[in-house]
Amino acid sequence: VNGQNINGMKTNYLMNSQMEKLREVFKDKVPEDFANSMKGSIINGLINQELTNQELKKFGLQTTPLELVESIKKNAQFYRDGKFDIDYYNERFLPGYQLATGTSFEKEMMDEINTEKFFQTFENLLELSPDEAQRLYQIDNTKFKFAVIKVKKENQEVAQKVWDSWKK
C-alpha cells in the first residue's frame, strides 16, 4: 500500500481466527463463497487501515504515551484479581501477540487511538438531523422478540447456533 507491506503473519492470524469462528457456526462445513468473502474483507480492512494510518501521519496526528497507557489500562483482559497485571502484560501478552501476529500490540493500539481521535473529531462537528438521530436510536435500542421461527431442516443446526447467540 503506497510502498508499505501488509503484514502477512497478521493477515494469516486474522484469517485463521475468523475461519475458526465460521467453522464453529457451520460445523466445519464453511461454504467456499463465505470463506472467500471473509478473506477479501480482511485484506480490504488491512489495506484501508494502512491507508488511514498513512493519511493520519500526514496530518501529524500522534498518540501520546499517556493516551496509550490509559487505553491499555482500560482493557479488562489485563486484569487479575481486580488490578492491572503488569507482569502478565509484559511477560506473556506482549510476546505472545508479537509471535502470533508479527506486529507490535502497542504500535497497533497507537494507530487505533489515532484513528478513533480523528473520526471522533468529525463526529463532534456533525449535527444529526432529527430523522437520523431517530434512526440511530432505533438501531441501538431495537430488540426483536420471536414467537415462531420456521427453518428449513438442512439449516436447523446453524439456526440453532444463531438463536443461542441471540439469546445471550
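Residues numbered from 1 in each chain as written. Predicted model: local features only at pLDDT ≥ 70, side-chain atom pairs only at ≥ 80, totals over all residues. Heavy atoms only, no water.

Participant: What is the right way to look at the packing of aromatic side chains in this model?
Facilitator: Geometry of an aromatic ring pair is reported as the spacing of the ring centres plus the angle between the planes. Going through the model one piece at a time under the given rule, you end up with 14 aromatic pairs. When the ring of Phe-84 is compared with that of Tyr-89, the centres are 5.9 Å apart and the planes differ by 50°; the resulting orientation is tilted. Chaining the aromatic ring pairs together yields one cluster made of Phe-78, Tyr-79, Phe-84, Tyr-88, Tyr-89, Phe-93, Tyr-97 and Phe-105. Between Arg-80 and the ring centre of Tyr-88, over which it is positioned, the NZ or CZ distance is 4.1 Å. (Phe/Tyr/Trp six-rings, centres within 6.5 Å; stacked < 30°, edge-to-face > 60°. Lys NZ or Arg CZ within 6 Å of the ring centre and 35° of its normal.)

Participant: Got a minute to help me understand helix α4 (residues 86-101) in this structure?
Facilitator: Each α-helix turn comprises 3.6 residues. Residues three or four places apart therefore point the same way. Over its 16 residues, α4 extends 21 Å from the first C-alpha to the last, a length consistent with the 22 Å expected when each residue adds 1.5 Å. Maximum bend of α4: about 30°, positioned at Phe-93, with proline Pro-95 one to four residues after it. Considered for burial, the residues of α4 that qualify are Tyr-88, Tyr-89, Phe-93, Tyr-97 and Thr-101. Those residues of α4 that are buried lie in contact with α1 (8-26), α3 (65-73), β1 (79-80), β2 (83-84) and α5 (105-125). Residue Gly-102 follows α4 closely and has a positive phi angle near 75°. (Helix = DSSP H or I, 4+ residues; strand = E, 2+ residues; numbered from the N terminus. Expected span 1.5 Å × (residues − 1). Bend = angle between axes of the 7 residues up to and from the residue. Buried < 20%, exposed > 50% of the residue type's maximum accessible area, 1.4 Å probe, protein only. Contact = heavy atoms within 4.5 Å.)

Participant: For this particular structure, what's the right way to read a nonpolar patch on the surface?
Facilitator: On the surface, a cluster of nonpolar side chains totalling about 260 Å² of accessible area is made up of Leu-128, Leu-136 and Ile-139. Here Leu-136 is to be found in helix α6 (residues 130-141). (Patch = residues over 30% accessible without salt bridge, like charges linked within 9 Å, V, L, I, M, F, W, Y side chains within 5 Å. Areas by Shrake-Rupley, 256 points an atom, 1.4 Å probe, with all protein chains shown as cover. Salt bridge = Lys/Arg side-chain N within 4 Å of Asp/Glu carboxyl O.)

Participant: Mind showing me how you'd approach the pattern of salt bridges here?
Facilitator: If the charged atoms of two oppositely charged side chains come close together, the side chains can form a pair. Taken as a whole and judged by the stated rule, the model has five salt bridges. Linking Lys-58 and Glu-55 is a salt bridge whose minimum nitrogen-to-oxygen distance equals 3.0 Å. Here Lys-58 pairs with Glu-55, and both are found in helix α2 (residues 32-59), just three residues apart, close to one helical turn. Judged by its relative accessible area of 65%, Lys-58 is exposed. Glu-55 gets classed as partly exposed once you look at its relative accessible area, which sits at 38%. A salt bridge links Arg-135 to Glu-132; the shortest N-O distance between them is 2.9 Å. Taken together, the positions of Arg-135 and Glu-132, both in helix α6 and three residues apart, correspond to about one turn of that helix. Judged by its relative accessible area of 27%, Glu-132 is partly exposed.

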